[in-house]
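Analysis of the macromolecular model
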Amino acid sequence: MDADTKQETGGDLGQEVQSLLARLRRIEGQIRGIHRMLEEDRVCEDIVTQLMAARSSLDQVGVRLLEHHVERCLCADEAPEQAARNMQQALKMWMRMGAPTQHDA
């Protein structure tokens, strides 16, 4: 963990970050399951369904991370003009990430 991360979380991982890490661990499990499905030559429709669920889960992590970034990093203790510039940067980041899918795993 770098110094910026320690400073932002007060030296330890907050509950919000722990929740994101738990979601990422579940996504890792989903990906391993997809890998097994491919190795076992499972039905393509089932594999695609699991792939869409994993992508949706990852999108949700991205949304929560961006929300955290906006609340804690961009708007906290900033002058209105700087907060507006920060929000513009966040919007550009959001556009690079792409809009999340509407499937909630």
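Small disclaimer: the values here were computed from a predicted structure and weren't measured.

This part is about the overall build of the chain. Scanning the chain from terminus to terminus reveals four helices and zero strands. Its helices and strands taken in sequence order, the chain reads α-α-α-α from the N to the C terminus. The buried share of the chain, reckoned over its 105 residues, is 23%. When contacts within the chain are restricted to residue pairs at least 6 apart in sequence, long-range pairs at least 24 apart make up 62% of them. As presented, the chain carries roughly 7,800 Å² of accessible surface, and 54% of it is formed by carbon and sulfur atoms.

Moving on, we come to helix H2 (residues 15-39). Here H2 contains 25 residues, and its C-alpha end-to-end distance of 36 Å stays within 8% of the 36 Å for a straight helix at 1.5 Å per residue. All of the buried residues in H2 are Val17, Leu20, Ile27, Gln30, Gly33, Ile34 and Met37. Asp41, located one to two residues past H2, shows a positive phi value of around 55°.

With that settled, consider the packing of H2 against helix H3 (residues 44-74). Between H2 and H3, the shortest axis-to-axis distance is 10 Å and the interhelical angle comes to 160°. Of the possible angle classes, the one that applies to H2 and H3 is roughly antiparallel. In this structure, the crossing between H2 and H3 has a hand that is left-handed. Broken down by class, the residue content of the contact of H2 with H3 amounts to 14 nonpolar, six polar and five charged.

This part covers the pattern of salt bridges. The tally for this structure, following the rule as stated, stands at two salt bridges. We note a salt bridge from Glu40 to Arg42, for which the minimum N-O separation is 3.8 Å. The residue Asp59 makes a salt bridge to Arg55 at a minimum N-O spacing of 3.9 Å. One end of the pair, Asp59, and the other, Arg55, are both in helix H3, four residues apart, so they sit about a helical turn from each other. Asp59 gets classed as buried once you look at its relative accessible area, which sits at 13%.

We now examine the confidence of the model for the chain. Taken residue by residue, the chain gives an average pLDDT of 79. The fraction at 70 or more is 78%. When the elements of the chain are averaged for pLDDT, helix H1 (residues 3-9) gives the smallest value, 46, and H2 the largest, 94. Every residue in residues 1-12 scores below 50 in pLDDT, and together they form nine contacts with partners more than four places removed in sequence or on other chains.

Judged by side-chain polarity, Leu21, Leu24 and Leu58 come together as a nonpolar surface patch covering roughly 230 Å² of accessible area. Residue Leu21 is classed as partly exposed on the basis of its relative accessible area of 31%.

Conventions adopted
- Residues numbered from 1 in each chain as written.
- Predicted model: local features only at pLDDT ≥ 70, side-chain atom pairs only at ≥ 80, totals over all residues.
- Heavy atoms only, no water.
- Helix = DSSP H or I, 4+ residues; strand = E, 2+ residues; numbered from the N terminus.
- Buried < 20%, exposed > 50% of the residue type's maximum accessible area, 1.4 Å probe, protein only.
- Contact = heavy atoms within 4.5 Å.
- Areas by Shrake-Rupley, 256 points an atom, 1.4 Å probe, with all protein chains shown as cover.
- Expected span 1.5 Å × (residues − 1).
- Axes fitted to C-alpha atoms, helices over the stretch in contact; angles between N-to-C directions.
- Parallel < 35°, antiparallel > 145°, perpendicular 65-115°, else oblique.
- Left-handed = near helix turned anticlockwise from the far one by under 90°.
- Nonpolar A, V, L, I, M, F, W, Y, C, P; charged D, E, K, R; others polar.
- Salt bridge = Lys/Arg side-chain N within 4 Å of Asp/Glu carboxyl O.
- pLDDT = per-residue confidence, 0-100.
- Patch = residues over 30% accessible without salt bridge, like charges linked within 9 Å, V, L, I, M, F, W, Y side chains within 5 Å.

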